[in-house]
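Survey of secondary and tertiary structure
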Amino acid sequence: MQDTTMDADVIITGAGPTGLMLAGELRLGGAHVIVLDQLPEPTGQSRGLGFTARAMEIFDQRGLLPRFGQGESLDVSPVGHFGGVQFDFTALEGAHFGARGIPQSQTEAVLADWATHLGADIRRGCQVLDIADGFLDGDHAEVTVATPDGVRRLRAPYLVGCDGGKSTVRKLAGIDFPGTEATRAMFLADVTGLDLKPRYLGETLPNGMVMAAPLTEGVHRIIVCPHGAAARSADDTVTFEEVAKAWEHITGEDISAGGAAWVSFFSDATRQAAQYRRGRVLLAGDAAHIHLPAGGQGLSTGVQDAANLGWKLAAVVTGRARPALLDTYHAERHPVGSRLLMNTRAQGMVFLGGDQAEPLRRILTELTGYDTVRRHLAGIVSHLDIRYDVTGTVTGTGTGTGQGGQGTGSHPLLGRRLPKTPLTVSGADTDTFALLHAGHGVLLDLTARPGLRESAAPWAGRVDTVTATCGDAAVFAGAGALLVRPDGHIAWTTTTDGDGAGLAGALTRWFGPPAQA
């Protein structure tokens, strides 16, 4: 039950894709949520243009894809790249280079509408000024906030910083942000009045690299990465004239007769928070990790952070699960973030390394001729290869595998995402993702065993037991039943003739103690 002295169960700072996704996830879990954002209204600007295959799956798991206005037939490409080296992502089943052409502003609008309709309280024009010292060992976090109506103090059991790479929450919480400094500046702009050749996956030229893609009629997004452009201060500004000169320097094309709806710059700075949780403060999205935006992985990783954290935090603040469940957030997501930084740095070296990187590009091009290599690289960039340690002991020290598959048990699906698969339930056609729309856990019984339903009964309301048939049993690799977490990762399996051993332990670990009869 919520403490009446609290303003919310969770306070989130930042109404970008990560914060809004987290707000919706928390509301699905029954938590009272306040989202604070410094801006009085959304800017309408879009650094991100789409999301990875795994982020697309997460939106599908919540029934959100139709809200993007294109149903489930979003513009996806089977061809992607790793550091500019192109290859066919379908070497990995179900993989593609993600949804293209979706402005970040649209993603934010979809998520804001979803979270608001679920009951999230989104407050704009609110800047966090301070966090009270008691967040480390007290029973709540207290934040001082500058609001349109003056300075206010808000209290909640937990505070989550989703406030970007310059995160105020991370700094106030004293969480280290180690990594590498920026070594170069790169530009992006939404240009108008021009007819540009599409360069969807980028073109490497002697003086740098450029990308170009149409956004709407008469508007193109360009990215310009000139060799030798020095790193810039975060407080600097950039003009269209500067971007046009850099474009001409690389391509030889004069675009100065056009204009720009928006210009900005970014860098190759790479940093990751040492802790994703410190006391009652947690971090997600860019507040936890920044990197070169290679392959549009930043927004997508933030959405996955939120999907991992949301149901766990909701279960804890509503009393359904023990606080130790939150230790699995850092243990699972910190290794994923570390691997993200590794792959984006590697891509930067290949894509932007100039003549010195040419031998590396040639070798990588040769390697992509091998199916194993294509599968591996596709899994990295699509995020479909993520596998969590769902059976190991939670220590809170960040020792989970994140990816790699060690310590996850013998079944090949344990710790991995549930694939989207058609099912028949009570004579009606559905699929595995539709079962996750409510944000509950799912015990998927493929052999109609009454004993499983009876075993899971004490977790009713937290876990939905579904008896189903599947036309392609091979997709479940011989499993007769699977316990699926709300984020779509598989936490327990048994064979078609198994007796349900270990189910109660898995249910308790991920969904809290059983309800008393």
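Refer to the structure printed above.
As a starting point, this report considers the structure included with it. In this text, all values refer to a predicted model and were calculated from it rather than measured experimentally.

About the cut-offs
- Residues numbered from 1 in each chain as written.
- Predicted model: local features only at pLDDT ≥ 70, side-chain atom pairs only at ≥ 80, totals over all residues.
- Heavy atoms only, no water.
- Helix = DSSP H or I, 4+ residues; strand = E, 2+ residues; numbered from the N terminus.
- Buried < 20%, exposed > 50% of the residue type's maximum accessible area, 1.4 Å probe, protein only.
- Salt bridge = Lys/Arg side-chain N within 4 Å of Asp/Glu carboxyl O.
- Axes fitted to C-alpha atoms, helices over the stretch in contact; angles between N-to-C directions.
- Parallel < 35°, antiparallel > 145°, perpendicular 65-115°, else oblique.
- Left-handed = near helix turned anticlockwise from the far one by under 90°.
- Contact = heavy atoms within 4.5 Å.
- Nonpolar A, V, L, I, M, F, W, Y, C, P; charged D, E, K, R; others polar.
- Phe/Tyr/Trp six-rings, centres within 6.5 Å; stacked < 30°, edge-to-face > 60°.
- Lys NZ or Arg CZ within 6 Å of the ring centre and 35° of its normal.

Here the focus is unusual backbone geometry. Of note in this structure, His383 is not a glycine but carries a positive phi near 70 degrees. Relative to the helices and strands, His383 resides in the loop between helix 9 (371–382) and strand 22 (422–425). Note on His383: relative accessible area 6%, which makes it buried. Backbone geometry places Ala477, a non-glycine residue, at a positive phi of 50 degrees.

A word on the pattern of salt bridges. Scanning the entire structure with this criterion turns up 24 salt bridges. Residues Glu203 and Arg199 are paired through a salt bridge, measuring 2.5 Å at the closest nitrogen-oxygen approach. The partly exposed category is assigned to Glu203, whose relative accessible area is 24%. Residue classification places Arg199 among the buried positions, given a relative accessible area of 6%. When the shortest N-O distance is used, the salt bridge between Arg361 and Glu358 registers 2.9 Å. Placement of the pair is Arg361 and Glu358 together in helix 8 (residues 358–367), with a separation of three residues, close to one helical turn. Classification of Glu358 as partly exposed rests on a relative accessible area of 30%. Taken together, the shared-partner salt bridges in this structure form one network comprising Lys197, Arg199, Glu203 and Glu253.

The contact between helix 1 (residues 17–28) and helix 6 (residues 297–317) brings their axes to 8 Å, and the two run at 25 degrees. By the angle between their axes, helix 1 is roughly parallel relative to helix 6. Judged by the twist between their axes, the crossing of helix 1 over helix 6 is right-handed. Counting all contacts with helix 1, which are made through Pro17, Thr18, Met21, Leu22, Glu25 and Leu26, the residues of helix 6 involved are Leu299, Gly302, Val303, Ala306, Ala307, Leu309, Gly310, Leu313 and Ala314. Of the residues belonging to the contact of helix 1 with helix 6, the class tally is 11 nonpolar, three polar and one charged.

Enumeration according to the criterion identifies seven aromatic pairs in this entry. Arranged with centres 5.0 Å apart and planes meeting at 80 degrees, the rings of Phe51 and Phe59 form a pair that is edge-to-face. Accessibility expressed as a relative area gives 2% for Phe51, which makes it buried. Members of the aromatic cluster, connected to one another through ring pairs, are Phe51, Phe59 and Phe68. Sitting over the ring of Phe177, Arg170 keeps its end group 3.6 Å from the ring centre. The side chain of Arg280 reaches across the aromatic face of Tyr158, ending 4.9 Å from its centre.

Interpretation note: all reported values are geometric properties and have no functional meaning in isolation.
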